[in-house]
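Here's the letter readout for the chains.
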Protein chains: 2
Amino acid sequence: MGRPSVQDQRKKEVLDAFMSCVVRYGVEGATLEHIAAQAGLKRPLIRHHLGNRKAMVLALGEHVVETFSKQTETLRVALDEHPDVRNLIEALFNSDGEMDPRINICYQALVNSIEIYPELRKPLLESMEAFYKVAIDIVLASHPKADKQACEIVAHGIINLFITTDAFVPLKPPKTWGYSSYFAALKLAETLEEKP
Amino acid sequence: MGRPSVQDQRKKEVLDAFMSCVVRYGVEGATLEHIAAQAGLKRPLIRHHLGNRKAMVLALGEHVVETFSKQTETLRVALDEHPDVRNLIEALFNSDGEMDPRINICYQALVNSIEIYPELRKPLLESMEAFYKVAIDIVLASHPKADKQACEIVAHGIINLFITTDAFVPLKPPKTWGYSSYFAALKLAETLEEKP
DNA sequence: AAATTGACTGTCAATACTGATAGTCAATTT
DNA sequence: AAATTGACTATCAGTATTGACAGTCAATTT
């Protein structure tokens, strides 16, 4: 009884605002005031919903990992029918709005905060491992005759090339940088083709 | 006349301490107190040597870019005699202490601060472009008959794979992650070989 | 309508951080 | 030895940030 709780929804909104602030100001630079302004709420409410600073950062970690995992799962499902390396690369590099670019930046920001918040390490590590695994599975399904180790290497390489591209976004680099990673990923994929 | 100035030397020491703090706490988390403790100095001295916060961050930017450029130049000179792609990859991935791992992390942290300190963008962009250029020149010299565009893509790819590896260091990932990037770089290099 | 529950606000205290200034001490020149 | 210059220290004021708590308002149940 009593007033119905919107805690779950509101908490997600606040975490989303937190994410935007981390992208702009970094983990330590994202103050309660910034987050509140971004979320359109008063400062004390942030604390009300997320707790003190440490709890906030850990909650952000969970949120980022959760969102990241959902994107990973979406990718897996999308390529389940036609698990082709080219489709994987297209999905990664030409996903129009499918993947939230903030996730990658936040992920890196949180990785760099591990020394202060060691609890972040495990979930961050595991979610990235899951991402790699999906890519590996797609490459393996795509090239059943190829060497397994080669497939793993190619999958890792494609993902890593994708990650770097995102990391440079705030630098507003020339488009060629992005294209190069994309074409390098394609070249990497080609190494798995049969050589007659 | 007067007491001899150690400003230049001390400034570099302070900037080095700043760099270490940025690796640990991020750009906004690296407080004057942290930096002073790291440098073994009193807090007001940091200001004395580097000026206010904005000047400090810009000075750090210059310092990181300068160090990065020196490493780039070292790489270029080291591979000038035998400009081979494999040597490039070895130099990048198996450089024992040659490359300061803090540079990469600081570089990324500064990239993420561009929105707050827009002056950082140009030097950061240019120094990375110089890094790419050295790699491209080595690949071109190594494969004079190969398609030029292909060489550029491969060079970009190798560098990007290297960068990702460094970015994950705070996550303490399994060694396989590093190996995968290394082998992916090798595979990418192989795509330039002549196909009979 | 009363009670209950939770979202939300206002406000204060404690602390952390930066900016700034006056002043001390050390090394060099004349 | 006096003067000069710069490294370094002590300390204060102003602001930003967090933490905490009391209290108001809204929505739902009984």
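Residues numbered from 1 in each chain as written. Chains lettered and ligands numbered in written order. Predicted model: local features only at pLDDT ≥ 70, side-chain atom pairs only at ≥ 80, totals over all residues. Heavy atoms only, no water.

> What is the right way to read the overall build of chain A from this model?
Broken down by element type, chain A carries 9 helices and 0 strands. When the helices and strands of chain A are placed in sequence order, the string is α-α-α-α-α-α-α-α-α. The principal-axis extent of the C-alpha atoms belonging to chain A is close to 70 × 45 × 30 Å. Working note: accessible area of chain A is about 10,100 Å², and carbon and sulfur atoms make up 53% of it. Looking at chain A, you have 23 positive and 26 negative side-chain charges, and the mean spots of the two groups are 7 Å apart. (Helix = DSSP H or I, 4+ residues; strand = E, 2+ residues; numbered from the N terminus. Areas by Shrake-Rupley, 256 points an atom, 1.4 Å probe, with all protein chains shown as cover. Lys, Arg positive; Asp, Glu negative; His and termini not counted. Charge placed at Lys NZ, Arg CZ, Asp CG, Glu CD.)

> What is the right way to read the protein's contact with DNA strand C from this model?
With respect to spatial proximity, 23 residues lie near DNA strand C, and among them Arg3(A), Arg10(A), Leu32(B), Arg47(B) and Arg53(B) are the closest. Considering DNA strand C, the proportion of its atoms within 4 Å of the protein that are sugar or phosphate atoms stands at 65%. Between Arg43(B) and DNA strand C, the recorded distance is 2.9 Å, taken from a side-chain N or O atom to a base oxygen. A per-element tally of the surface near DNA strand C places helix 3 (residues 43–50) of chain A first, with 5 residues. The residue makeup of the surface near DNA strand C, split by class, is 7 nonpolar, 8 polar and 8 charged. (Near = heavy atom within 4 Å. Polar contact = N/O pair within 3.5 Å; in protein donor to acceptor, adjacent residues only side chain to side chain. Nonpolar A, V, L, I, M, F, W, Y, C, P; charged D, E, K, R; others polar.)

> Please clarify how the environment of Val22(B) should be interpreted in this entry.
Residues and elements named next belong to chain B. Assignment of secondary structure puts Val-22 in helix 1 (residues 7–25). Classification of Val-22 by relative accessible area gives buried; the value is 2%. Not counting residues within four places of it along the chain, the set of residues in contact with Val-22 comprises Val-27, Ala-30, Leu-60, Cys-106 and Ala-109. (Buried < 20%, exposed > 50% of the residue type's maximum accessible area, 1.4 Å probe, protein only. Contact = heavy atoms within 4.5 Å.)

> What is the right way to look at the relation of the copies chain A and chain B in this model?
Look at the two chain copies: a rotation about an axis and a shift along it is all it takes to match them. Between the two copies, chain A and chain B, the superposition gives an RMSD of 0.1 Å; the rotation angle is 180° and the shift along the axis is 0.0 Å. Taken together, the turn and the small shift mark the pair as related by a two-fold rotation axis. (Least-squares fit on C-alpha atoms with pLDDT ≥ 70 in both.)

> Honestly, the protein's contact with DNA strand D in this entry has me stumped. Any pointers?
Taken together, 23 residues sit near DNA strand D, with Leu32(A), Arg43(A), Arg47(A), Arg3(B) and Arg10(B) positioned nearest. Atoms of DNA strand D within 4 Å of the protein belong to the sugar or the phosphate in 64% of instances, the rest to bases. Within the side chain of Arg53(A), one N or O atom sits 2.9 Å away from a phosphate oxygen of DNA strand D. Take His48(B): an N or O atom from its side chain is 3.3 Å from a phosphate oxygen of DNA strand D. Listing elements by their share of the surface near DNA strand D, those giving two or more residues are helix 3 of chain A together with helix 1 and helix 3 (43–50) of chain B. Of all the elements, helix 3 of chain B adds the most residues to the surface near DNA strand D, at 5 residues.

> Could you clarify how one ought to interpret helix 1 of chain B in this entry?
Each α-helix winds once per 3.6 residues, and so residues spaced three or four apart point in a common direction. All names here are of chain B. Taking 1.5 Å of rise per residue, 19 residues should cover 27 Å, and helix 1 covers 26 Å from first to last C-alpha, within 8% of that figure. Those residues of helix 1 that fall on the buried side of the exposure criterion are Val-14, Leu-15, Ala-17, Phe-18, Met-19, Ser-20, Cys-21, Val-22 and Val-23. Looking at the buried side of helix 1, the elements it contacts are helix 2 (32–39), helix 3, helix 4 (53–78) and helix 6 (101–111). Downstream of helix 1 by a residue or two, Gly-26 has a phi angle that is positive, lying close to 85°. (Expected span 1.5 Å × (residues − 1).)

> Help me understand the domain arrangement of chain A, please; the structure alone is not making it clear to me.
You'll often see interface size given as the accessible area lost when the parts meet. All names here are of chain A. If you check the domain split of chain A, you get domain 1 (1–51) and domain 2 (61–190). Using only C-alpha atoms to locate each centre, domain 1 and domain 2 end up separated by 28 Å. Taken residue by residue, the interface counts 9 residues in domain 1 and 12 residues in domain 2. Summing the contributions of domain 1 and of domain 2, the shared interface buries around 910 Å²; its carbon and sulfur component is 72%. At the boundary of domain 1 with domain 2, the tally comes to 1 salt bridge. Put simply, Asp-16 and Arg-102 hold a salt bridge, and the shortest N to O gap is 3.0 Å. Here domain 1 and domain 2 share 2 residue pairs in polar contact (both at pLDDT 80 or more) between them. Looking at the side of domain 1 that touches domain 2 residue by residue, the classes come out as 5 nonpolar, 1 polar and 3 charged. (Domains from an automatic or database assignment. Buried area = accessible area lost by both parts, 1.4 Å probe. Salt bridge = Lys/Arg side-chain N within 4 Å of Asp/Glu carboxyl O.)

> Hey, could you run me through the nonpolar core in this one?
Side chains of a nonpolar character, in soluble globular proteins, are inclined to be buried together. Residues Leu92(A) and Leu92(B) are the most contacted members of the largest nonpolar core, which totals 139 residues. Leave out the neighbours within four places in its chain, and Leu92(A) touches Leu75(A), Met99(A), Phe131(A), Ile158(A), Ile159(A) and Phe162(A). (Core = buried A, V, L, I, M, F, W, Y, C linked by side-chain atoms within 4.5 Å.)

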